[in-house]
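Results of the structural survey
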Amino acid sequence: MSDPSPKIVVDHVTKIYRTRKRRDTFLGRFLPDLRPTIRELKAVDDVSLEITTGDFVAIIGPSGCGKTTVLRMMDGLIFPDSGEVRVNGTPVLGPRAECGFIFQDFGLYPWRTVIDNVAFGPELRGVPRNVRYELARKHIDLVGLKGFETSFPHQLSGGMQQRVGIARMLSAEPEIMLMDEPFGALDALTRRTMQFELIRILAAEGSATSVFVTHDLDEAILLADKVVIMSARPGRVKEIVNIPFARSERGEALLETSMFAELRHHLWLGVHAEQPL
Ligand SMILES: Nc1ncnc2c1ncn2[C@@H]1O[C@H](COP(=O)(O)OP(=O)(O)OP(=O)(O)O)[C@@H](O)[C@H]1O
Ligand SMILES: [Mg+2]
């Protein structure tokens, strides 16, 4: 039986960033702290989304439209000014153990070896040493890095470091995987390889719910069940596009189909209309 309750609910969420700015006056120049002004920037405006358990949702939209902001609110790293984010029916009030995060810059600890980076999540949860190393080894194998357990991040290529990031997220066994342009720093070839790797890994790992931010339309179609197009800042949900391909269809051949081309064109029109000139 399918689960009728959504895993993640973003319920009419608005986020305004407030930054202090020195007032550019004669007095302000000499006594800046006495004359602060607050600059308000509405990053996200009345965004609502429902994400079902096991779904893979991609978020696309122009730079600065609030994609990272939405992801960080799901993870409880920042909070909405109005509206609410709920995970498993409970409001998100801080970082949660159910969520794993992959950052664009890999976010690895340079002083830890591959296996110590991957074992970090279970270590935080107090998992005993032998169990967490077993978990770490399993996920290092899964991402194809067997043999590199004792290497340090600087000894690996960008693609390999990103695999360590994926293994680290998986070894924490999160119910929800939040990924912010995880392949953004990779070259085109490595990026395509990593997309297929992620499809394979998700198939092997079962039904985690995934939210994935990307600027790459092909990547969004290849990976996602639904693609959310956001408008330019302040970000709103402009359209949600269903991607009708089965998991088993998501391979190299799919990229050449007319259906894929139609979807790419549709997404391109949606995002292009939002790009500032
Ligand atoms: N900590 C912050 N303080 C102030 N403003 C912020 C902060 N973080 C983000 N912003 C602003 O909020 C807006 C949305 O930022 P966000 O990082 O969510 O965009 P994005 O869609 O992820 O962009 P990109 O595609 O370039 O990564 C931007 O205009 C940004 O300048
Ligand atoms: Mg971003």
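Residues numbered from 1 in each chain as written. Chains lettered and ligands numbered in written order. Predicted model: local features only at pLDDT ≥ 70, side-chain atom pairs only at ≥ 80, totals over all residues. Heavy atoms only, no water.

1. Observations concerning the pairing of strand β8 (residues 209-213)
Buried residues dominate β8, accounting for 5 of its 5 residues. Of the pairings in the sheet, the one linking strand β3 (residues 56-60) to β8 comprises 4 bridges and is parallel in character. The residue bridging Phe56 from the neighbouring strand is Ser210, located in β8. Here 5 bridges tie strand β7 (residues 176-180) to β8, and the two strands are oriented parallel to one another. Its bridge partner being in β8, Ile176 is matched across the sheet by Thr209. In terms of handedness, the path from β7 via helix α7 (residues 188-205) over to β8 forms a crossover that is right-handed. (Buried < 20%, exposed > 50% of the residue type's maximum accessible area, 1.4 Å probe, protein only. Helix = DSSP H or I, 4+ residues; strand = E, 2+ residues; numbered from the N terminus. Pairing = 2+ DSSP bridges. Right-handed = clockwise from strand over helix to strand, strands pointing away.)

2. Quick notes on the domain arrangement of the protein chain
Entries for the protein chain in the domain assignment read domain 1 (8-98 + 175-272) and domain 2 (109-173). Taken together, the contact pairs 14 residues of domain 1 with 12 residues of domain 2. Roughly 1100 Å² is buried in total at the junction of domain 1 and domain 2, and carbon and sulfur atoms are behind 68% of that figure. Its largest share of buried area at the contact with domain 2, domain 1 owes to Met194, Ile201 and Glu205, together 39% of the area lost on that side. For the interface between domain 1 and domain 2, the tally reads 1 salt bridge. Joining domain 1 to domain 2, the criterion identifies 3 residue pairs in polar contact (both at pLDDT 80 or more). Elements represented by at least two residues in the side of domain 1 that touches domain 2 include exactly β7 and α7. With 8 residues, α7 is the largest single contributor of residues to the side of domain 1 that touches domain 2. Looking at the side of domain 1 that touches domain 2 residue by residue, the class counts come to 8 nonpolar, 2 polar and 4 charged. (Domains from an automatic or database assignment. Contact = heavy atoms within 4.5 Å. Buried area = accessible area lost by both parts, 1.4 Å probe. Salt bridge = Lys/Arg side-chain N within 4 Å of Asp/Glu carboxyl O. Polar contact = N/O pair within 3.5 Å; in protein donor to acceptor, adjacent residues only side chain to side chain. Nonpolar A, V, L, I, M, F, W, Y, C, P; charged D, E, K, R; others polar.)

3. Some words on the environment of Ala220
For Ala220, the location among the structural elements is in helix α8 (residues 217-223). Through-space distance from the C-alpha of Ala220 to that of Arg192 is 12 Å; in sequence the pair is 28 residues apart. In contact with Ala220, not counting residues within four places along its chain, are Ala58, Ile60, Thr214 and Val227.

4. Focus: the packing of helix α5 (residues 129-142) against α7
The N-to-C vectors of α5 and α7 enclose an angle of 135°; their axes lie 11 Å apart at closest approach. Relative to α7, the element α5 is oriented oblique. Where α5 abuts α7, its residues Lys138, His139 and Leu142 lie against Glu197, Arg200, Ile201, Ala204 and Glu205. In terms of residue class, the contact of α5 with α7 is made up of 3 nonpolar, 1 polar and 4 charged. (Axes fitted to C-alpha atoms, helices over the stretch in contact; angles between N-to-C directions. Parallel < 35°, antiparallel > 145°, perpendicular 65-115°, else oblique.)

5. A few points about the site of ligand 1
The immediate surroundings of ligand 1 are formed by 14 residues, with Ser63, Gly64, Lys67, Thr68 and Thr69 found nearest. One of the side-chain nitrogen or oxygen atoms of Ser63 is found 2.5 Å away from an oxygen atom of ligand 1. Gly66 has a polar backbone atom sitting 2.9 Å from an oxygen atom of ligand 1. Protein chains bury 66% of the 630 Å² of accessible surface belonging to ligand 1 in isolation. Breaking the shell around ligand 1 down by element, the ones donating at least two residues are β1 (8-22), β2 (36-51) and α2 (67-75). The biggest single contributor to the shell around ligand 1 is α2, with 3 residues. Counted by class, the shell around ligand 1 contains 4 nonpolar, 7 polar and 3 charged residues. (Near = heavy atom within 4 Å. Areas by Shrake-Rupley, 256 points an atom, 1.4 Å probe, with all protein chains shown as cover.)

6. Looking at the sheet that holds strand β10 (residues 237-242)
The 6 strands are arranged β6-β7-β8-β3-β9-β10 in an open sheet whose pairing can be described as mixed. One side of each edge strand has no neighbouring strand; the edge strands of this open sheet are β6 (99-102) and β10. Going from strand to strand, the sheet's axes swing by 15° on average, the running direction of each strand aside. The strands that α2 touches are β3, β6, β7, β8 and β9 (226-230); relative to β7, the one it contacts most, it runs at about 155°. Contacting β6 and β7, helix α6 (residues 158-171) crosses the sheet at an angle of about 175° to β6.

7. Focus on α6
Spacing of three or four residues puts side chains on the same side of an α-helix, whose turn is 3.6 residues. Taking 1.5 Å of rise per residue, 14 residues should cover 20 Å, and α6 covers 20 Å from first to last C-alpha, within 8% of that figure. Of all 14 residues in α6, 13 are buried; the element is thus mostly enclosed. Directly after α6, the chain includes Glu173, whose backbone phi takes a positive value near 50°. (Expected span 1.5 Å × (residues − 1).)

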